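Close look at the chain arrangement
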Amino acid sequence: MLNRRQFLAASAGATLTTWSLMSRQLLQAADSLPSERHFHVRDIQRTTLRLEFRPTPRRNMDREIPHWRWAEVCEVTLESGAVGFGETLLFYTWGVPSDDDVARVRGQSAIEMMWDDSLGAGLQMALFDAVARTAHVPVHSLLGHKHTSRTPLSWWNIDTSAEDMASECAEAYRQGYMSYKTKGRPWFDLKQQLDLATKEVPEDFMIDMDFNDTLLTAEQGLPILKDLERYPQVDIFETPIPQKDVAGNRAICAATDINVALHYGTPDPATVVRESAADGFVVGHGAEALMSAGRFAEEVEMPFWLQLVGSDITAAWSLHFGGVLKQALWPAVNCHQLYEERLLIDPITVSDGHAEVPDRIGLGYELNRDAVERFKVQKPAQRPEPQRLIETTWPDGRTMYTASNGTVNFMLHAAMEGKYPYFEAGADTRLVPDDGSSRWKELYKRARKEGPISV
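All of these numbers come straight from a predicted model, not from anything done at the bench. (Residues numbered from 1 in each chain as written. Predicted model: local features only at pLDDT ≥ 70, side-chain atom pairs only at ≥ 80, totals over all residues. Heavy atoms only, no water.)

1. Re the UniProt feature "domain: Enolase C-terminal" (unreviewed entry) in the protein chain
- Per the UniProt annotation, the sites labelled "domain: Enolase C-terminal" (unreviewed entry) are residues 164-371.
- Secondary structure across residues 164-371 divides into 37% helix and 15% strand, with the first and last C-alpha atoms of the span separated by 28 Å. (UniProt positions renumbered as here; feature names shortened; annotations may be inferred. Helix = DSSP H or I, 4+ residues; strand = E, 2+ residues; numbered from the N terminus.)

2. Overview of the packing of aromatic side chains
- Applying the stated criterion across every chain, the model contains 17 aromatic pairs.
- A centroid spacing of 6.4 Å and a plane angle of 65 degrees characterise the contact between Phe 281 and Phe 296, whose relative ring orientation is edge-to-face. With Phe 281 in strand β9 (residues 280-283) and Phe 296 in helix α12 (residues 287-300), this pair connects stretches of sequence that are 15 residues apart. In this pair, the class of Phe 281 matches that of Phe 296, namely buried.
- When the centroid spacing of 4.9 Å and the interplanar angle of 75 degrees are considered together, the rings of Trp 317 and Phe 321 count as edge-to-face. Of the two residues, Trp 317 and Phe 321 both sit in helix α13 (residues 312-324), four residues apart, roughly one turn of that helix. Like Phe 321, Trp 317 is buried. (Phe/Tyr/Trp six-rings, centres within 6.5 Å; stacked < 30°, edge-to-face > 60°. Buried < 20%, exposed > 50% of the residue type's maximum accessible area, 1.4 Å probe, protein only.)

3. Regarding unusual backbone geometry
- With an omega of -10 degrees, the peptide bond running from Thr 266 to Pro 267 counts as cis.
- With respect to the element layout, Pro 267 can be found in the loop between β8 (259-263) and α11 (269-274).
- In the Ramachandran plot, Asn 212 falls in the positive-phi region, its phi being about 45 degrees despite a non-glycine side chain.
- Following the sequence through the fold, Asn 212 ends up in the loop between β6 (206-210) and α9 (218-228).
- Here the phi dihedral of Cys 335 falls at roughly 70 degrees; this positive angle occurs in a residue that is not glycine.
- Along the chain, the position of Cys 335 falls in the loop between β11 (332-333) and β12 (354-356).

4. Concerning the sheet that holds strand β14 (residues 399-403)
- The strand order across the open sheet formed by four strands is β15-β13-β14-β16, and the pairing between neighbours is antiparallel. In this open sheet, the two edge strands, each paired with only one partner strand, are β15 (428-432) and β16 (453-454).
- Alignment of β14 against β16, held across two bridges, turns out to be antiparallel. Note that in β16 the partner of Met 400 across the bridge is Ser 454.
- Packed on one face of the sheet, helix α16 (residues 438-450) meets β13 (389-393), β14, β15 and β16 and runs near 75 degrees to β14. (Pairing = 2+ DSSP bridges. Contact = heavy atoms within 4.5 Å. Axes fitted to C-alpha atoms, helices over the stretch in contact; angles between N-to-C directions.)

Given below as structure tokens:
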């Protein structure tokens, strides 16, 4: 029989296969825990919400990813009477719970099912919360040993104008953050963004740029990256070129003093370490995958940031992993700062770039049911795709128009195909409102058919 301490220590190394056996031994060994039947799932409820962005993110998110508004709150009731909750961004996540997932969990032991990453984000999160509430422990106690009481968080925004980036960095700093992550894109002037943003924050405030492959090759990208090194705040370049280009990423790591981060898994992590193709990782996905990646990072002593995206519900979930994963040293990216209103009753407060890892039971926060009721909507049958026309301009008078085409990364794909000028000075981009005019309709029609067009 395992006692509680042995069980919690072993859980950090558990796989989905072994978790059930250890959890049953814990229930048999720990007299203070409720009986096993209390952990069985009695009911599951899902509610679709439409959240609104704050004004500054709104005008930028509406350009490329307006569908991040739609979330689903999942509530799991156990036989103990405890209700756990979790959240899924319906059109941007590592896994969306299906009706079949819900059906196979009902009536089952939550403590056996909760490590199954295939259940999707919100359902898995709610199972952990419900189990922790039934056992009267915080979620991090189900993950392993808590090694820190505070974990770093980053403010996030999609690529924006230089003015918007400066105002968002200032707001992040005002709220206690010491890190800002954004996108590096050829349709904005990177140096202008940094010139303005760095005036709003001290030198120890970190700015990280995710290029999503758009620098294309090490040879093309290194002059740009070296130019950005001169800003003391620039701290991490994420995926500057395609991750499968191991030699290119190794060359970038060797040539720049700025940290390079790659998403964990591509190429395989052992290759990344052996070839010195990155300084750290971006880690996401479900609980079992997170713990597995965390154990690997600890073995090779490489830092990473947790990237678990959603509202403040997902941010609360992320805090618990930050508390137990020793190499989660880079600020976590949760993106909850995008939204106008919280879904938790109490805010996640940040000071000196860090938030407290909750020791209260469950997620350590309570669901704001009034907000859930206000934002409740019918679930869209498919990803909402409003027509968008995007204008990019340069100081010499050149203008390009790009139209949404039903794919999520339509601008990113165009950049990878070389359809935009390559990171030229003075580039600026905006969403063109649909004014109902024949000109707007014609530009949209042409740009959607031909790809980015010059006029």
